[in-house]
Amino acid sequence: MWILYLRLTPDIYRRSRPSASGLDPEAVHEKYRSVWIMCLTIPVYSGKYKYYNTFCKVLVSIQVMSESNTNDIDHGGTDNTDRRTFMGALGAMGSGAAIDIGLGDRFGGSNQGLGVSDPKNLILFIPDGGGQTQDTAARYYRAYEKNPEAFPLNINTGMIEDVEMGIDQADIKGSMSTYPDDPDGQLITDSAAAGTAMSTGYKTYSGAVSVDHAGRPIETILEKANDAGYATGLVTTTQMTHATPATFGAHVESRGMQEEIARQYIQEQDIDVLLGGDRSHFSPEDRSDGQDLIAQAEWQGYEYVTTKDGLESVSGGKVLGLFSESGHLDYYIDRLHNPDNTQPGLELMTEVAISILQEQSDRGFFLMVEGGRVDHYGHANDPAMIPEQVEHDYAVEVGMDYADETDNTLVVNVADHETGGLSLSRDSYYMDWDPIVNQEVSQWRIAEELEDAISIGEVRDTIEEYTGIDDLSDDEAAELINDPNAIRGRDSVINERAGLAWGTDAHSAQDVPIYAKGPSAEYFKTGIDNTELMNGFTSHLDV
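Residues numbered from 1 in each chain as written. Predicted model: local features only at pLDDT ≥ 70, side-chain atom pairs only at ≥ 80, totals over all residues. Heavy atoms only, no water.

> What exactly am I supposed to notice about the overall build of the chain here?
Counting its secondary structure elements, the chain contains 21 helices and 16 strands. Across the 543 residues that make up the chain, the buried fraction comes to 59%. (Helix = DSSP H or I, 4+ residues; strand = E, 2+ residues; numbered from the N terminus. Buried < 20%, exposed > 50% of the residue type's maximum accessible area, 1.4 Å probe, protein only.)

Written out as structure tokens, the structure is:
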């Protein structure tokens, strides 16, 4: 056992943060010139680099937050000392004579030669608001889109070329209950309580992000994996700070504390890949405390990207991708039919995240991928929920294929809850998939297009352009002239023509299906509670 004291100098900053954005090393050194780093090495096992880097980052993070405190910045009541504390990092610090004093990528950007011959990976897919009916509808959508003349015999009968979904590659199928720990005994959860149960193994109240009823943090599977030396990542089509991804990488008493969630991602966690929407909660122009979390992330070694092209050209290492100025990524069909779209799809984000994470640690990685806007379409009772579910399944297919190519990858796909009460029937035995498959933009965008329509002919042209419906009646057109928003919701002409029904514009209490592939998949083969997911996760990663 030995102790080494290091003093930060501008030269160290330059060598350890080559991608820093506008942070002057001399100025940084001036702020922290009295800061010394103590490095304590205790021989434990050969995974020393990860824990050494974590320890050093904790000290730097404390200094950054201390600087903020001198300006009386309130971080929402969270203790500014790293939640897991640098003492915990010291206790897990690795052995060996060589020390890399860089504060950059885990293992200095390389995962070779660390003696771990059997890496384990866990990819968790969450179609937020999905359910059994959404899975079925996505299958029908793909079959009809592929060959409407053969439909429905091309769904999965084996008579004609079948449609194979990503979820079809699963080894095991089960189901999961979703209810929260609600003080009033309610069964219907929100995404924060559901995500907390899935990420920690403990139920909590709706709105809570990985804290208990007393506001105490509960350790997440991402944090357990990180502490054990795994690389980690969060990918979503929602805001990066939205409820579901937040439950894996933050701890707040209310999901609305999005600035604090962003701060914890950058200042308290060590997440290798963060891909999602909404730059505003990371930007000094929009944050109430004026902190520039993007610059801080780049200083810590993240490559920052804001477009699909930027994501496709990342060089490896840590990545922060924020693909909208504010709010969520656009809906799938809105992106698909927008020639000026610059946002990546969920499939691409999943591919890039996996390619980065597999190079970050020889221990393996944990990755959560959320198709978050399935839920939003469910709330809107918009038939475009179905292609949104299809996009999520494209991402699942990426994960399933990766599991086929590797020996120790567990893939789990399970929704946090169902949204909308979708039914593939509307008071008859008739359904028409034409308007569903031909819908090119979300119903609310169609409503926007109808705002300026002043004639029945203009309304008919707009509806035909965006849905393929070419026989709108005079009464239907007149209603849309008087109220363009009549194209939205459960009684829209698209839902009526398609034969889709919705039971609610909120969440439901029904169980959701689980699809699992790879080692430890047997944990998910029967009906379980959302808190029991953790058993399979921790068993597979051995954390």
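Further notes follow.
> Just to check I follow, could you spell out the packing of aromatic side chains for this structure?
Note on aromatic pairs: each is described by the distance of the centres and the angle between the planes. In this structure the tally under the stated criterion is eight aromatic pairs. With a centroid separation of 5.9 Å and 80° between ring planes, the pair formed by Tyr140 and Trp433 is classed as edge-to-face. Highlighted residues: Tyr140 in helix 5 (residues 132–146) and Trp433 in the loop between strand 12 (422–423) and helix 16 (434–438), separated in sequence by 293 residues. Judged by its relative accessible area of 4%, Trp433 is buried. Ring geometry for Tyr331 versus Tyr377: centroids 3.7 Å apart, planes at 20°, classification stacked. Of this pair, Tyr331 sits in the loop between strand 8 (319–322) and helix 12 (332–336) while Tyr377 is found in helix 14 (residues 373–380), placing the two residues 46 residues apart along the sequence. Like Tyr331, the residue Tyr377 is buried in the burial classification. These aromatic residues form a ring-pair network of at least three members: Tyr140, Tyr144, Phe151 and Trp433. Over the ring of Tyr179 we find Lys203, and its NZ or CZ is 3.8 Å from the ring centre. In this arrangement the basic side chain of Arg373 is found over the ring face of Tyr331, its NZ or CZ atom lying 3.7 Å from the centre. (Phe/Tyr/Trp six-rings, centres within 6.5 Å; stacked < 30°, edge-to-face > 60°. Lys NZ or Arg CZ within 6 Å of the ring centre and 35° of its normal.)

> What should I look at first to understand the nonpolar core in this one?
Among soluble globular proteins, nonpolar side chains are generally buried collectively. Core analysis: the largest hydrophobic core is formed by 58 residues, its most contacted members being Leu311 and Leu367. Top element by residues in this core is helix 15 (residues 385–405). It accounts for ten residues. Not counting chain neighbours up to four residues away, the residues in contact with Leu311 comprise Leu275, Val305, Phe323, Pro344, Leu348, Met349 and Val352. In terms of nonpolar packing, the next biggest core, distinct from the first, is built from 48 residues, Ala225, Leu320, Leu410 and Ala521 among them. (Core = buried A, V, L, I, M, F, W, Y, C linked by side-chain atoms within 4.5 Å. Contact = heavy atoms within 4.5 Å.)

> Looking at this structure, I do not really get helix 17 (residues 443–450). What am I missing?
Helical periodicity: at 3.6 residues per turn, an α-helix aligns residues three or four positions apart in one direction. Those residues of helix 17 not exposed but buried are Gln443, Ile446, Ala447 and Leu450. The arc that holds the buried residues of helix 17, viewed along the axis, is 105°, so those residues lie on one side. (Arc of directions from axis to C-beta.)

> Explanation requested: the pairing of strand 6 (residues 273–277) in the structure shown.
One face of the sheet, then the other: side chains in a regular strand alternate in exactly this way. For strand 6, the tally of buried residues reaches five of five residues, placing the bulk of the element in the interior. One ladder, built from four bridges, connects strand 5 (residues 231–239) with strand 6; its direction is parallel. The residue bridging Val235 from the neighbouring strand is Leu275, located in strand 6. Direction of pairing for strand 6 relative to strand 8: parallel, over a ladder of four bridges. Each bridged residue has a counterpart across the sheet, and for Leu274 the counterpart in strand 8 is Leu320. (Pairing = 2+ DSSP bridges.)

> Just checking my understanding: could you explain helix 13 (residues 346–357) for this structure?
Over its twelve residues, helix 13 runs 16 Å from end to end, which matches the ideal 16 Å to within 8%, given 1.5 Å per residue. Among the twelve residues in helix 13, nine count as buried, and that is most of the element. Those residues of helix 13 that fall on the buried side of the exposure criterion are Leu346, Leu348, Met349, Thr350, Val352, Ala353, Ile354, Ile356 and Leu357. (Expected span 1.5 Å × (residues − 1).)

> What exactly am I supposed to notice about the packing of helix 18 (residues 456–467) against helix 19 (residues 474–482) here?
Any two packed helices are characterised by how steeply their axes cross, that is the angle between the axes, and by the distance between the axes. Orientation of helix 18 relative to helix 19, taken along the N-to-C sense of each, is 95°, at an axis distance of 9 Å. On the basis of the axis angle, helix 18 is roughly perpendicular to helix 19. Of helix 19, the residues touching helix 18 (which contributes Ile456, Val459, Arg460 and Ile463) are Asp474, Ala477, Leu480 and Ile481. Its residues assigned to classes, the contact of helix 18 with helix 19 comprises six nonpolar, no polar and two charged. (Axes fitted to C-alpha atoms, helices over the stretch in contact; angles between N-to-C directions. Parallel < 35°, antiparallel > 145°, perpendicular 65-115°, else oblique. Nonpolar A, V, L, I, M, F, W, Y, C, P; charged D, E, K, R; others polar.)

> Looking at this model, I keep getting lost on the pattern of salt bridges. Mind explaining?
Where side chains of opposite charge bring their charged atoms close, a pairing between them can arise. Following the criterion strictly, the structure yields 19 salt bridges and no others. Among the salt bridges present, the one from Glu260 reaches Arg263, with a minimum N-O distance of 2.8 Å. One end of the pair, Glu260, and the other, Arg263, are both in helix 9 (residues 258–267), three residues apart, so they sit about a helical turn from each other. No difference in accessibility class separates Glu260 from Arg263, as the two residues are buried. Its salt-bridge partner being Asp404, residue Lys517 comes within 3.1 Å of it at the nearest N-O pair. (Salt bridge = Lys/Arg side-chain N within 4 Å of Asp/Glu carboxyl O.)

> Got a minute to help me understand the sheet that holds strand 16 (residues 527–529) in this structure?
The ten strands are arranged 7-8-6-5-9-3-10-15-4-16 in an open sheet whose pairing can be described as mixed. One side of each edge strand has no neighbouring strand; the edge strands of this open sheet are strand 7 (303–305) and strand 16. Neighbour-to-neighbour, the strand axes of this sheet turn through a mean angle of 15°, independent of strand direction. With five bridges connecting them, strand 3 (residues 120–126) and strand 10 (residues 409–414) associate as parallel partners. Its bridge partner being in strand 10, Phe125 is matched across the sheet by Asn413. In the packing of helix 21 (residues 533–541) onto the sheet, contacts are made with strand 3, strand 4 (172–177), strand 10, strand 15 (512–517) and strand 16, and the angle to strand 3 comes to roughly 155°.

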